[in-house]
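Residues per chain, in single letters:
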Amino acid sequence: MSTNDAQLNKKDEQSDLPKLSNPALRALAGAGYHRLEQLSKTTEKEIMKLHGMGPKSLDPLRRALAEKGLTFADES
């Protein structure tokens, strides 16, 4: 296993994000989002600006946030 593979696996172990498409997961990881708590500090609008994120990815994220008593930040 290469160093990069080991680093990705370590990040995956620490992630509590739901199962999403690979482009969506890459978009979130590329923007530094690996945990639901991080997503609760940003808006849906900001997440949708990430290349690779689509409307179908928001529902699983909303559900996963709700299961932890979290939501996306308000749009204000």
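Predicted model, so just to flag it, every value in this text is computed and none were measured.

With respect to the helices and strands, Thr43 occurs in the loop between helix H3 (36–39) and helix H4 (44–48). Given the relative accessible area of 12%, Thr43 is considered buried. In this structure Thr43 touches Phe72, Ala73, Asp74 and Glu75, once residues within four positions along its chain are discounted.

This next bit is on the environment of Gly69. If you trace the backbone, Gly69 turns up in the segment after helix H5 (55–67). Put simply, Gly69 and Ser40 are 29 residues apart on the chain and 10.0 Å apart in space, counted from C-alpha to C-alpha.

Relative to the assigned elements, Ile47 resides in helix H4. In this structure the C-alpha to C-alpha distance between Ile47 and Phe72, which are 25 residues apart in sequence, comes to 9.5 Å. Sequence-distant contacts of Ile47, defined by excluding residues within four places in its chain, comprise Leu28, Tyr33, Leu39, Thr42, Met53, Leu58 and Phe72.

Attention now moves to the pattern of salt bridges. Tallied over the entire structure, the rule returns seven salt bridges. Arg35 is the salt-bridge partner of Asp16, the closest N and O atoms lying 3.4 Å from each other. With Asp16 in the loop between helix H1 (3–14) and helix H2 (22–30) and Arg35 in the loop between H2 and H3, this pair connects stretches of sequence that are 19 residues apart. A salt bridge links Arg35 to Glu37; the shortest N-O distance between them is 3.6 Å. The network of salt bridges with shared partners includes Asp16, Arg35, Glu37 and Lys68.

Quick notes on the rules
- Residues numbered from 1 in each chain as written.
- Predicted model: local features only at pLDDT ≥ 70, side-chain atom pairs only at ≥ 80, totals over all residues.
- Heavy atoms only, no water.
- Helix = DSSP H or I, 4+ residues; strand = E, 2+ residues; numbered from the N terminus.
- Buried < 20%, exposed > 50% of the residue type's maximum accessible area, 1.4 Å probe, protein only.
- Contact = heavy atoms within 4.5 Å.
- Salt bridge = Lys/Arg side-chain N within 4 Å of Asp/Glu carboxyl O.

None of the figures reported here should be taken as evidence of function without further support.
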